[in-house]
Amino acid sequence: MIHSLFLINSSGDIFLEKHWKSVVSRSVCDYFFEAQERATEAENVPPVIPTPHHYLLSVYRHKIFFVAVIQTEVPPLFVIEFLHRVVDTFQDYFGVCSEPVIKDNVVVVYEVLEEMLDNGFPLATESNILKELIKPPTILRTVVNTITGSTITAEIQGVIDACVKLTGMPDLTLSFMNPRLLDDVSFHPCVRFKRWESERILSFIPPDGNFRLLSYHVSAQNLVAIPVYVKHNISFRDSSSLGRFEITVGPKQTMGKTIEGVIVTSQMPKGVLNMSLTPSQGTHTFDPVTKMLSWDVGKINPQKLPSLKGTMSLQAGASKPDENPTINLQFKIQQLAISGLKVNRLDMYGEKYKPFKGIKYMTKAGKFQVRT
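Residues numbered from 1 in each chain as written. Predicted model: local features only at pLDDT ≥ 70, side-chain atom pairs only at ≥ 80, totals over all residues. Heavy atoms only, no water.

Participant: Looking at this structure, I do not really get the overall build of the chain. What am I missing?
Facilitator: Helix and strand content of the chain: seven helices and 23 strands. The buried share of the chain, taken over its 372 residues, is 42%. Contacts in the chain between residues far apart in sequence, at least 24 positions, make up 68% of those at least 6 positions apart. Approximately 20300 Å² of the chain is accessible, and the part contributed by carbon and sulfur atoms is 51%. (Helix = DSSP H or I, 4+ residues; strand = E, 2+ residues; numbered from the N terminus. Buried < 20%, exposed > 50% of the residue type's maximum accessible area, 1.4 Å probe, protein only. Contact = heavy atoms within 4.5 Å. Areas by Shrake-Rupley, 256 points an atom, 1.4 Å probe, with all protein chains shown as cover.)

Written as structure tokens, this is what we have:
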């Protein structure tokens, strides 16, 4: 019944999404945003919005839009009642239902939503039953969730690189499924800027060969989906020559795509003499001179998450390090633009032949750092 759920604040930012049956792109919310712009007040947004392939049903409570995405016709009140039950459950679990509270308890939120629907159909919607399955957050659990899920800063630097080998003087137009993502943009000189301003369509006569059509920047942290998470347990004990080192890497919000080329590096403290570690996959090295740890993970299998565990040998009698090391990640994801940008269509005018068209999406880690 329900494919996906998006939580949208009053500023129009998606700050949480949950998918049950299949992943629905964030671009479907563009129809909701258009209706939101037309409404004079938040309460005036239509509760049911039809789109070419989905229906969007929403409720507005506590300055948050809860937007459900469905693909088939169902009784609207049935879905709306479920959304109200979700809000009531959050309020019962956390005391209040607000954007900061939901973000602070995101692990519990996902667990609760997973139990409330089974393959898109309501399963456990009573708070007393849910609390037997998932314990409400305690101080200890809140601390753990903060350690494993808090994002300090995040941004996306995106580009569209083109390779054009066309004869004559073709005139191209490129449109996107979700052009509203592109608000901080730099264009190649061939792009007609006025048409972009008025229609959000790229119109240009391309140069021959390889060139950068545009670059863009997404700095709103709640629009940046973090595709990888790192669980870590790195500890040094006072008056002990041994320390514990454990890290696990897993996928998060990758739309089912494989994370590959994963390399983990960490600059260890000067007091670490050596490390005795065992990886569940890949190979690792530790340079006792530079104190640099490197773990070549390769691909991440969601069914068997890669981990690196072992002990650290410390200088005898030395005090434990003041700070734990930071963890740096490199990775790439084929056929996924983590910004959510998607091409709608590419058309050619001015020439009569039929060109070959292809598109490839790629996500690469820039500076991806985890503080331990």
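Participant: What exactly am I supposed to notice about the sheet that holds strand 2 (residues 14-19) here?
Facilitator: Pairing between the strands of a sheet is mediated by backbone hydrogen bonds and can be parallel or antiparallel. Pairing is antiparallel in the open sheet, where five strands are placed in the order 2-1-5-4-3. Of all strands in the sheet, those bounded by a partner on one side alone are strand 2 and strand 3 (48-50). Here the average twist between neighbouring strands, direction ignored, is 20°. On top of the sheet, helix 2 (residues 76-94) reaches strand 1 (2-9), strand 3, strand 4 (55-61) and strand 5 (64-70); it is set at about 40° to strand 4, its chief contact. Those strands touched by helix 4 (residues 106-116) are strand 1 and strand 2, and its axis lies near 35° from that of strand 2. (Pairing = 2+ DSSP bridges. Axes fitted to C-alpha atoms, helices over the stretch in contact; angles between N-to-C directions.)

Participant: Can you walk me through the confidence of the model for the chain in this structure?
Facilitator: Note that predicted coordinates carrying low pLDDT should not be read in detail. Mean pLDDT for the chain: 87, with 94% of residues reaching 70 or above. Note that pLDDT drops below 50 for residues 139-147; the model gives that stretch twelve contacts with residues more than four away or on any other chain. (pLDDT = per-residue confidence, 0-100.)

Participant: Quick question: what am I supposed to make of the pattern of salt bridges here?
Facilitator: For side chains of opposite charge, pairing can occur when their charged atoms come near one another. According to the stated counting rule, one finds eleven salt bridges in the structure shown. Between arginine 61 and aspartate 88 there is a salt bridge; the shortest N-O distance is 2.9 Å. Remark: aspartate 88 occurs in helix 2 and arginine 61 occurs in strand 4; sequence separation between them is 27 residues. Of the charged contacts, one joins glutamate 126 and arginine 85 as a salt bridge, the two residues approaching to 3.3 Å between their closest N and O atoms. Of this pair, glutamate 126 sits in the loop between strand 7 (121-122) and helix 5 (127-133) while arginine 85 sits in helix 2, and the two are 41 residues apart along the sequence. What makes glutamate 126 partly exposed here is its relative accessible area of 41%. Put simply, Glu81, Arg85 and Glu126 are held in one network by salt bridges that share partners. (Salt bridge = Lys/Arg side-chain N within 4 Å of Asp/Glu carboxyl O.)

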